[in-house]
Every structure is written in structure tokens, then in C-alpha cells.
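Remarks on the overall topology
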Amino acid sequence: VPQGKLSGPFTIVSKAYPGMKARMWYYTPAQWDGRTPLPVQFWGDGQFYTQSRNDAYRLLDTFDNMFAGKRIPLMANVFVEPGTGPDRIRSIEYDTVSDKFGHYVMDEVFPEVETHIPLRHDAYSRAFVGESSGGICAFTTAYLMPEQFSRVLSWIGSFAALQTSPEQPTGGAAWPVIVRRETAKMNIRVWLQDGADDQENPRAGSW
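Residue numbers run consecutively from 1 along every chain, following the written order of its sequence. Since the coordinates come from a predicted model, pLDDT governs what is reported: local features require at least 70, and pairs of side-chain atoms require 80 or more to be given and counted, while whole-chain, interface and lining totals use all residues. Each side-chain value is derived from all of the structure's non-hydrogen atoms; neither hydrogens nor water enter the calculation.

We now examine the nonpolar core. Core analysis: the largest hydrophobic core is formed by 37 residues, its most contacted members being Phe42, Val78, Phe101, Tyr104, Val109 and Phe110. A run of H or I in DSSP counts as a helix once it spans at least four residues, and a run of E counts as a strand once it spans at least two, with each numbered from the N terminus. Within the residue set of this core, elements represented by two or more residues are strand E2 (21-28), strand E3 (40-43), strand E4 (76-80), helix H3 (100-113) and helix H4 (133-144). Contact definition: two residues touch when any of their heavy atoms are within 4.5 Å. When sequence neighbours within four positions are dropped, the list of residues in contact with valine 78 reads Met24, Trp25, Tyr26, Val40, Gln41, Phe42, Trp43, Val109, Phe110 and Val113. Among the nonpolar cores identified, the runner-up in size contains 12 residues, and Tyr27, Trp43, Phe63 and Phe79 belong to it. Definition of nonpolar core: a set of buried residues of the types Ala, Val, Leu, Ile, Met, Phe, Trp, Tyr and Cys, connected through side-chain atoms within 4.5 Å. Type-normalised accessible area, obtained with a 1.4 Å probe on protein chains alone, sets the label of each residue: buried when under 20%, exposed when over 50%, and partly exposed for intermediate values.

So, about unusual backbone geometry. Going from glycine 8 to proline 9, the amide bond is cis rather than trans, its omega being 10 degrees. In this structure, proline 9 sits in strand E1 (residues 5-13). At aspartate 45, a position not held by glycine, the phi torsion is positive, near 50 degrees. Relative to the helices and strands, aspartate 45 resides in the loop between E3 and helix H1 (59-68). The backbone of lysine 70 sits at a positive phi, close to 55 degrees, despite the residue not being glycine. The residue lysine 70 is located in the loop between H1 and E4 in this model. Here lysine 70 falls in the exposed class, since its relative accessible area comes to 75%.

Right, let's talk about the pattern of salt bridges for a bit. Definition used for salt bridges: Asp or Glu carboxyl oxygen within 4 Å of a side-chain nitrogen of Lys or Arg. Applying the stated criterion to the full structure yields 7 salt bridges. Ionic pairing is found between arginine 23 and glutamate 81, a salt bridge with its closest N-O pair at 2.7 Å. In this pair, arginine 23 is assigned in strand E2 and glutamate 81 in the loop between E4 and helix H2 (90-95), connecting sequence segments 58 residues apart. Residue classification places arginine 23 among the partly exposed positions, given a relative accessible area of 35%. The class of glutamate 81 is buried, set by a relative accessible area of 13%.

Time to look at H1. Three or more residues of H1 are buried, namely Leu59, Leu60, Asp61, Phe63, Asp64 and Phe67. On its buried face, H1 is in contact with E1, E2, E3 and E4. At the C-terminal side of H1, lysine 70 shows a positive phi close to 55 degrees.

Right, let's talk about the sheet that holds strand E7 (residues 189-193) for a bit. The pairing of strands in a sheet comes from backbone hydrogen bonds and takes either a parallel or an antiparallel form. A strand pair is defined by DSSP finding two or more bridges across the two strands. Across the sheet, which stays open at both edges, the 7 strands sit in the order E1-E2-E4-E3-E5-E6-E7 with mixed pairing between neighbours. Of all strands in the sheet, those with a lone pairing partner are E1 and E7, marking the two edges. Across this sheet, the average inter-strand angle for adjacent strands is 15 degrees, counted without regard to direction. In the sheet, E1 pairs with E2 via 7 bridges, with the strands oriented antiparallel. Helix axes use the C-alpha atoms of the stretch in contact, all axes being lines fitted to C-alpha atoms, and the angles between their N-to-C directions lie in the range 0 to 180 degrees.

Here the focus is the side chain of threonine 140. Take threonine 140: it is sitting in helix H4. Looking at threonine 140, its side chain comes within polar contact range of the side chain of tryptophan 175, at 3.1 Å. Not counting residues up to four positions away in its chain, the partners in contact with threonine 140 are Thr96, Val97, Ser98 and Trp175. Think of a polar contact as two N or O atoms within 3.5 Å of one another; within protein, one of them needs to be a possible hydrogen donor and the other a possible acceptor, and neighboring residues in sequence only count if both atoms come from side chains.

A few words now on the pairing of E7. Look at any regular strand and the pattern is simple: side chains alternate between the two faces of the sheet. When strand E6 (residues 151-155) meets E7, the two strands line up parallel, connected through 5 bridges. Paired with serine 154 across the strands is leucine 192, a residue of E7. Look down the strands so they point away from you; if going from the first strand over the helix to the second traces a clockwise path, that crossover is right-handed. Of the crossover connections in this fold, the one passing from E6 over helix H5 (residues 175-181) to the parallel E7 is right-handed.

Dropping the structure here:
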């Protein structure tokens, strides 16, 4: 089937996280006309999916097959590596229960992508994908910013107290309670994946 185009890496110098730099790539379908704004999926730990078509994920081949078979709509996929400053701050970015990373994506990452390709701006056309700490980040972002993201794929999300604060002393371990207490309906769709014996983590709390 026709192969799409992977562009990058580009370097993003963050204002939300002072001193942080991150590499970014984006992937566009072969069938795209080059003009029509595209729905977009954001992928945390994006470096894992862009190294080779022969890696364990085979993500780009999967997209090519699904686009060619018209099983999913044409969309852009944006891959961003955790940022580096003096140190890697992946857990600070991903595990913190706040909308800071969501604003980083909306205010810094997507505008950079849109200097190259047009994207749709409605929440219905945006998805967030993450694994482990990226999985909780995907959920946190959509839950706190449902007007920006309406679809979540959380692989083995680290819903645990990996990053705490006075406002959230149990960090991500508080999410089950927060969600149960919420009375307003959220217009988001969340796909969660986990596995037997996936996480034996003392910081996960008693839930």
C-alpha cells in the first residue's frame, strides 16, 4: 500500500517548561491532498514509533494499511519525545496531575506542527495516546481539557503517586476518586488497557 510521510525530527524549545527541549516528528497519509486540515493524534514517548518500520510497534505500516483500506479517516500523527533540560523530566511532564502538559501540547507543539501542515481544531478531531506514565498523561490531559481532546488511548497507565503536590498529595492515585465524585458528564471517550501482574507498585495506593 502507499506509504505516508514521516517528517522530522524538529526541536521544540519550551516556554511552559523553561530550559526544556524536545524532539518532534509528524506523519501524514499518502492519500492526503496536502490542503485539507487533518484530525490529529498526539503520541507521548514518540521516539519509540519513529525509528524503523521494522520495530516491534510497526505503527507506520499499520496506519498505511488502515488508511488504504479506509478503516480509519485520514489523520496526522504527532510524535514527541520527553523533553530534556539539565535532566530528563519525563515523569514531571507525564505524571503530574495538572493541565500544564496539555497546554504545552496545545500552545507549543501543535502550533509548531501547523507551521508545516494544517490541523483541525475541534476536540472531536483530537486524540491523545500514551503508555505507562504517558498513559496517565493522556487521561489527565483529556479529563482536564475536554474542550481540546475527546479521545484517549491509555496503555498500562501509571495511575500512581509518582508525582505529588500539596494540591494532589496522592498524585495520580487520586484519579479513581476524582472521577467517581465528578457529577458533570465529560464528552470524552477513553480506551484503557492493562494486563495481569502489570504493576506491583507501592505508590499505587490501596484502590
